[in-house]
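Chain by chain, the residues:
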Amino acid sequence: QVQLVESGGGLVQAGGSLRLSCAASGRTFSTYGMGWFRQAPGKEREIVAAISRSGDSTYYADSVKGRFTISRDNAKNTVYLQMNSLKAEDTAVYYCAASTTGWGTRTFRYDYWGQGTQVTVSS
């Protein structure tokens, strides 16, 4: 069992930056693949970025490639999402998720979820 707590969301103007953090407790953090997802009102939850257990492999959705960076610090049991050049269409609730079977781009690959943090980008 692992508990995930996101932080760092908020209101930012278009073109600005935010850094999301996800702190994990419970089982050894380094055994989990980690992902960031987002869900806008009326839309399905979608992958934003994912990172392997060691951090040596990453994935980005095309919509955020070149603007967002996922990273992890296994010593601090934390995964981060640095978001730059934010756009109005990035507005959503952002969720951190942990996978016991590696990592992936689909929600069913993830076993544990945080409560989400709201990101609002004003244009």
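### A short note on the overall build of the protein
Line of reasoning, step 1. When you go through the protein residue by residue, the secondary structure sums to 0 helices and 11 strands.
Line of reasoning, step 2. Along the chain direction, N to C, the helices and strands of the protein fall in the order β-β-β-β-β-β-β-β-β-β-β.
Line of reasoning, step 3. For a compact globule of 123 residues, the expected C-alpha radius of gyration is about 14 Å, and the protein comes in at 13 Å, within 12% of that figure.
Line of reasoning, step 4. Viewed in the frame of its principal axes, the protein has a C-alpha envelope of about 40 × 30 × 25 Å.
Line of reasoning, step 5. A total of 123 residues make up the protein; the buried ones form 46% of that total.
Line of reasoning, step 6. A fraction of 58% describes how many contacts in the protein between residues 6 or more apart in sequence connect residues 24 or more apart.
Line of reasoning, step 7. When the accessible surface of the protein is totalled, it reaches about 6000 Å², and 46% of it is carbon and sulfur.
Line of reasoning, step 8. Between the mean site of the 13 positive side-chain charges and the mean site of the 9 negative ones, the protein shows a separation of 3 Å.

### Details of the state of the cysteines
Line of reasoning, step 1. Summed over all chains, the structure comprises 1 disulfide.
Line of reasoning, step 2. The disulfide that involves Cys22 links it to Cys96, with 2.1 Å between the sulfurs. Because the torsion about its S-S bond is -75 degrees, the bridge between Cys22 and Cys96 counts as left-handed. With Cys22 in strand 3 (residues 18-26) and Cys96 in strand 9 (residues 92-99), this pair connects stretches of sequence that are 74 residues apart. Accessibility assignment for this pair places Cys22 and Cys96 in one class, buried.

### Side note on the sheet that holds strand 1 (residues 2-7)
Line of reasoning, step 1. Taken in spatial order, the 4 strands make up an open sheet running 1-3-8-7, and their pairing is antiparallel. Sheet topology places strand 1 and strand 7 (68-73) at the edges, where each strand pairs with a single neighbour. Averaged over neighbouring strand pairs, the angle between their axes works out to 15 degrees when direction is ignored.
Line of reasoning, step 2. In the sheet, strand 3 pairs with strand 8 (residues 78-83) via 6 bridges, with the strands oriented antiparallel. Within strand 8, the position partnered with Cys22 by the bridge is Val79.

### Describing unusual backbone geometry
Line of reasoning, step 1. The phi dihedral of Asn77 falls on the positive side, at around 55 degrees, and the residue is not glycine.
Line of reasoning, step 2. Positionally, Asn77 belongs in the loop between strand 7 and strand 8.
Line of reasoning, step 3. The backbone of Ser85 sits at a positive phi, close to 50 degrees, despite the residue not being glycine.
Line of reasoning, step 4. Residue position: Ser85 is located in the loop between strand 8 and strand 9.
Line of reasoning, step 5. Judged by its relative accessible area of 41%, Ser85 falls in the partly exposed class.

Criteria and cut-off values
- Residues numbered from 1 in each chain as written.
- Predicted model: local features only at pLDDT ≥ 70, side-chain atom pairs only at ≥ 80, totals over all residues.
- Heavy atoms only, no water.
- Helix = DSSP H or I, 4+ residues; strand = E, 2+ residues; numbered from the N terminus.
- Rg over C-alpha atoms; globule rule 2.2 N^0.38 Å.
- Buried < 20%, exposed > 50% of the residue type's maximum accessible area, 1.4 Å probe, protein only.
- Contact = heavy atoms within 4.5 Å.
- Areas by Shrake-Rupley, 256 points an atom, 1.4 Å probe, with all protein chains shown as cover.
- Lys, Arg positive; Asp, Glu negative; His and termini not counted.
- Charge placed at Lys NZ, Arg CZ, Asp CG, Glu CD.
- Disulfide = S-S within 2.5 Å.
- Pairing = 2+ DSSP bridges.
- Axes fitted to C-alpha atoms, helices over the stretch in contact; angles between N-to-C directions.

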